[in-house]
Amino acid sequence: MSIDLGSEAPFFALPGVDGNDHSLDEYSDAKLLVVVQYCNHCPYVLAWEGRLMAVARDYAQQGVRVVAVNSNDVSHYPEDSFEQMKARAAKLGLPFDYLFDESQSLAHALGAERTPEVFLFDEGRRLRYHGAIDDSRDETTANRDYLRGAIDALLAGEEPPVAETESVGCTVKWKS
Amino acid sequence: MIELLFWEGCPSHPEAKALLEQVLAELGRDDQIVMTEVRSDEEAERLRFPGSPTIRIDGNDVDLEGAGSRPALTCRIYHLPDGRVSPVPSREQLEVALR
């Protein structure tokens, strides 16, 4: 079960595909922090990937940082290995940090269940939106931009119009 | 025979079944869809299951490109005609396979 709205962002310090370690503290200057449970192999992640990249690019100048985290068990899902993460990030030029949560500690701390699954934290690092990026994995039929709506509202000092939605995607692949 | 093999850990099989039923109806066919749940890595191996959903018409996968992927309990990746990625086959793939 995921953390409740209003919960504090869990601490993390994880290796990124850029060769550096990234911790929660590193993003302290960000107005908003979007943590997305992510991976390489899931078609739902791939279907939403372009839209997440656009969010990262569109809001970077407004102090919004996006961090994708892969926590999957790579022994059963080798497409999600750290090496494969690096290769995918390089191929696509991902405009956000892509971190490897090998111990699955961050996924457990967030109570993440799906990929992709969004956790949007405000400037005080309290959870203000949780769920899907928008309302359809098919971009041609998506018409409710939950994540963008929540970001816009928080940047304007308002409450997100929708604070929680169901994440649709692959399950997080837990270690047995 | 029309088979739809699925893994409960992936949410795409109801959408795939609905799409398959739509296409069958449009083609004027009333074939029954045989649903097979794949529950373990061993079953995935035995059934040559490359991911959920997998649809076979008379034993032939509707997506030859992905049919040979490593058997696994995973969500399967399909590519739509416009290049986008999808967790279910395209309508066109199903139509071609059923004709």
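Residues numbered from 1 in each chain as written. Chains lettered and ligands numbered in written order. Predicted model: local features only at pLDDT ≥ 70, side-chain atom pairs only at ≥ 80, totals over all residues.

Novice: What should I look at first to understand the sheet that holds strand 2 (residues 33-37) of chain B in this one?
Specialist: Within a sheet, neighbouring strands are paired by backbone hydrogen bonds and run either parallel or antiparallel to one another. Strand order across the open sheet formed by four strands is 2-1-3-4 (chain B), with mixed pairing between neighbours. The sheet is open, and its two borders are formed by strand 2 and strand 4 (60-61) of chain B, each paired with just one other strand. (Pairing = 2+ DSSP bridges. Helix = DSSP H or I, 4+ residues; strand = E, 2+ residues; numbered from the N terminus.)

Novice: Is there a simple way to explain helix 1 (residues 13-26) of chain B in this structure?
Specialist: Along an α-helix, a turn takes 3.6 residues, which lines up residues three or four apart on a common side. All names here are of chain B. The first and last C-alpha atoms of helix 1 sit 20 Å apart over 14 residues, in line with the 20 Å expected at 1.5 Å per residue. Buried within helix 1 are the following residues: His-13, Ala-16 and Leu-20. Buried residues along helix 1 cover an arc of 60 degrees about the axis, so they all sit on one side. Facing away from the buried side of helix 1, by more than 90 degrees, are the exposed residues Pro-14, Ala-18, Gln-22, Ala-25 and Glu-26. Taken together, the buried residues of helix 1 touch strand 1 (2-6), strand 2, strand 3 (54-57) and helix 4 (91-98). Looking one or two residues past helix 1, Gly-28 carries a phi angle of roughly 70 degrees, positive in sign. (Expected span 1.5 Å × (residues − 1). Buried ≥ 20, exposed ≤ 12 C-beta atoms within 10 Å, placed from the backbone. Arc of directions from axis to C-beta. Contact = placed C-beta atoms within 7 Å.)

Novice: Hey, could you run me through the pairing of strand 3 of chain B in this one?
Specialist: For a regular strand, the rule is simple: side chains alternate between the two faces of the sheet. Residues and elements named next belong to chain B. Taken together, the four bridges between strand 1 and strand 3 define a ladder with antiparallel strand orientation. Among the inter-strand pairings, Glu-3 is bridged to a residue of strand 3, identified as Arg-56. Two strands pair when backbone bridges link them, and strand 3 and strand 4 are joined in this way by two bridges, in the antiparallel orientation. Counterpart to Ile-57 in the pairing with strand 4 is Asn-60.

Novice: What is the right way to read the packing of helix 1 of chain B against helix 4 of chain B from this model?
Specialist: To characterise two packed helices, one gives the angle between the axes of the helices and the distance between these axes. Residue and element names in this part refer to chain B. Running from N to C, helix 1 and helix 4 point in directions that differ by 50 degrees, and their axes come no closer than 10 Å. Classified by the interaxial angle, the pair formed by helix 1 and helix 4 is oblique. Crossing geometry of helix 1 relative to helix 4 is assigned as right-handed. Mapping the contact onto sequence places Leu-19, Leu-20, Val-23 and Leu-24 in helix 1 and Arg-91, Leu-94, Glu-95 and Leu-98 in helix 4. For the contact of helix 1 with helix 4, the class distribution of residues is six nonpolar, no polar and two charged. (Axes fitted to C-alpha atoms, helices over the stretch in contact; angles between N-to-C directions. Parallel < 35°, antiparallel > 145°, perpendicular 65-115°, else oblique. Left-handed = near helix turned anticlockwise from the far one by under 90°. Nonpolar A, V, L, I, M, F, W, Y, C, P; charged D, E, K, R; others polar.)

Novice: Quick question: what am I supposed to make of unusual backbone geometry here?
Specialist: Note on backbone geometry: most residues besides glycine have negative phi, and most peptide bonds are trans. Pro-116 of chain A follows Thr-115 of chain A through a cis peptide bond whose omega is -5 degrees. Pro-53 of chain B follows Ser-52 of chain B through a cis peptide bond whose omega is -5 degrees. Mapped onto the elements of the fold, Pro-53 of chain B is located in the loop between helix 2 (41-46) and strand 3. Notably, Asp-58 of chain B is not glycine yet its phi reads approximately 50 degrees, a positive angle. With respect to the helices and strands, Asp-58 of chain B occurs in the loop between strand 3 and strand 4.

Functional significance is not addressed by these values, which are geometric in nature.
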